Each structure stands twice: as structure tokens, then as C-alpha cells.
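Read off the chains here:
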Amino acid sequence: MLPESASSVAPQIDHLFYVILWITGFFFFVVEGALLYFVIRYRTHPARKAVYSHGNNTLEIIWTIVPAVILIWLTFSSQRVWARIHGQAPKNAMEVEVLAEQFAWNIRYPGPDRQFDTPDDIATINQMHLPLDRPVVVWLKSKDVIHSFFIPQFRIKQDALPGRTGQVWVKPTRPGQYEIACAELCGLGHYRMRGFVTVESQEQLDRWLVETKADE
Ligand SMILES: [Cu+2]
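Now for a quick tour of the structure. The structure displayed is predicted, hence computed values, not measured ones. (Residues numbered from 1 in each chain as written. Predicted model: local features only at pLDDT ≥ 70, side-chain atom pairs only at ≥ 80, totals over all residues. Heavy atoms only, no water.)

So, the pattern of salt bridges
A pair can form between side chains of opposite charge whenever their charged atoms are brought close.
(1) Moving on: Considering all chains together, one arrives at eight salt bridges under this definition.
(2) Moving on: Of the charged contacts, one joins Arg108 and Glu97 as a salt bridge, the two residues approaching to 3.0 Å between their closest N and O atoms. With Arg108 in strand β2 (residues 104–109) and Glu97 in strand β1 (residues 94–101), the pair connects residues that are eleven residues apart, well separated along the chain.
(3) Moving on: The shortest N-O distance in the salt bridge between Lys143 and Glu101 comes to 3.2 Å. In this pair, Lys143 is assigned in the loop between β5 (136–142) and β6 (147–151) and Glu101 in strand β1, connecting sequence segments 42 residues apart.
(4) Moving on: Residue class for Glu101 comes out buried when judged on its relative accessible area of 19%. (Salt bridge = Lys/Arg side-chain N within 4 Å of Asp/Glu carboxyl O. Helix = DSSP H or I, 4+ residues; strand = E, 2+ residues; numbered from the N terminus. Buried < 20%, exposed > 50% of the residue type's maximum accessible area, 1.4 Å probe, protein only.)

Put into C-alpha cells, the structure is as follows:
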């Protein structure tokens, strides 16, 4: 049902997604089934008289505690995944800057000196290449309005806000080319705000960086 997964956090996010889907799906059918049953079972009838019921304390305690326990458990499970994506990236991580603007993704690599804002920076538009099986820190910025950096196969979706630098880290685990979509209605050209991420070996990536720098 979900697109193929291509990052290290994807299995955890998919697992949570399916757990939540099963829980909500189960209760949906229980609640709607009971509703339908009561509507038919207690429909109006000349011989039937309405009765006053004050409710049932035991039942009320159960249906308060059970959802509370499930929600608290889900909160902690989600928090673990959230902390992993937004927390400290591993030491060997590669850095990339993504500057969103109406209507493109400006991608920048720090170059051999590993420092941004120096002459050896490598810049591209809508084309991002990432190394396979190596963590990548994405520094997320926006030039104008709120955009949302979305790579479905990585299960990464993060807003890019003007005046703030966001951080996400991800480890691509499957070679291939995936779409970078803007998931925020950011203006008239929103529909064509589209980029591509190519996941390849470190050698291929290094070669691509050299070629891209030469084309600048
Ligand atoms: Cu956008």
C-alpha cells in the first residue's frame, strides 16, 4: 500500500503507520457496527417505552483507560522515531543544504573543505545525489514562503521555514531515483516544484560532484 521504502527510518515509520491503522480500523468497525446494531435493534415501535439510564460507571472507566493507555503508548513510540530523525546525526554523516524557493529546490554541497559558503561549494537545482548506506544531514531553509520537503520513499516530510534552519538526517538504503515533492501549497507554481534524489555509491557520487562543479 505504501511506496517502496528506501531509508533507514522507513521501516519504523511504516510499522507505526500500520499499528495505528489496525487500531483505528478495529475501533472504527466496532463503533460503527454497534451504532448500526442499536439503530436497528431499538428503532421506534408503538409497544416500546423509553427508559431512563444513568449509564454504567465500570464501562465508562474502561473506555477511558483503554484509549488513554493506547495513546500514551503511541506517543512514546512516535517520540522515539521523531527523536531519531531530528536528533544528532552520526559523525560520518555527509552534509547537504536544501534552500527551497518558489518554485525550486536549491541544493548545495560544502565541497572538499566541508565548509558551506566557501568558493568550493557545489550547487545544483532540483538535482540531489546522495550516497548509499551513509547518513546524510539535510539543512533545510526557505527563501520566501513555507515549503515542505517530501521524499515519500524515505518517509521524510519536513517543513522549510523562512528565517529558520531545520535539520533532518536520513540514511538512504536503496539505490535509485526518487522524487522530491513540495508538500505545502506554496503558490501558483506549487505543482511544478519538483526535484529528484539519486541514491548511488560514494564513488559515483564523488564523480557526479566533480562533473557538476566543472559545469558551474
Ligand atoms: Cu513549495
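Some details on unusual backbone geometry
(1) Moving on: In this chain, Gln102 is followed by Phe103 through a cis amide linkage whose omega measures 0 degrees.
(2) Moving on: One can find Phe103 in the loop between β1 and β2.
(3) Moving on: The backbone phi angle of Asn126 is positive, close to 60 degrees, even though this residue is not glycine.
(4) Moving on: Summarising the element assignment, Asn126 is placed in the loop between β3 (122–125) and β4 (127–131).
(5) Moving on: Positive phi, normally seen in glycine, also occurs at Asp133, with a value near 60 degrees.
(6) Moving on: The residue Asp133 is located in the loop between β4 and β5 in this model.

Brief notes about the coordination of the copper ion
(1) Moving on: Looking at the copper ion, one finds its protein donor set to be His147 (ND1), Cys182 (SG), Cys186 (SG) and Met193 (SD), positioned 2.1 to 2.4 Å from the metal centre.
(2) Moving on: Around the copper ion, the four donor atoms are arranged such that angles at the metal cover 93 to 122 degrees; this shape is classified as tetrahedral.
(3) Moving on: One chain supplies every donor for the copper ion, spaced along it as H-x34-C-x3-C-x6-M. Exposure class is identical for Cys186 and Met193. Each is buried. (Donors = N, O, S within 2.8 Å, 3.2 Å for Na, K, Ca; no water. Tetrahedral: all angles 85-135°; square planar, octahedral: opposite > 155°, others 65-115°.)

What about the nonpolar core?
(1) Moving on: Among the nonpolar cores identified, the biggest contains 38 residues, and Trp105, Tyr109, Met128, Phe149 and Phe154 are the most heavily contacted of them.
(2) Moving on: Broken down by element, this core gets its largest block of residues, four residues, from β1. (Core = buried A, V, L, I, M, F, W, Y, C linked by side-chain atoms within 4.5 Å.)

Quick look at the side chain of Ser8
(1) Moving on: Mapping Ser8 onto the fold places it in the segment before α1 (10–41).
(2) Moving on: When its relative accessible area of 18% is taken as the criterion, Ser8 is described as buried.
(3) Moving on: Once residues within four sequence positions are removed from consideration, Ser8 is found in contact with Arg84, Lys171 and Thr173. (Contact = heavy atoms within 4.5 Å.)

Focus: the environment of Leu205
(1) Moving on: By the secondary structure assignment, Leu205 is in helix α3 (residues 202–215).
(2) Moving on: Under the relative-accessibility criterion, Leu205 is labelled buried at 0%.
(3) Moving on: Sequence separation of Leu205 and Pro131 is 74 residues, and the distance between their C-alpha atoms is 6.4 Å.

Description of α3
(1) Moving on: For α3, spanning 14 residues, the distance from its first C-alpha to its last is 20 Å, which sits close to the expected 20 Å at 1.5 Å a residue.
(2) Moving on: Within α3, the full set of buried residues consists of Leu205, Trp208, Leu209 and Thr212. Each buried residue of α3 sits inside an arc of 105 degrees when the element is viewed along its axis, so together they form one side. Opposite the buried face of α3, by more than 90 degrees, sit the exposed residues Glu203, Val210 and Ala214.
(3) Moving on: Buried positions along α3 lie against β1, β2, β3, β4 and β10 (194–200). (Expected span 1.5 Å × (residues − 1). Arc of directions from axis to C-beta.)

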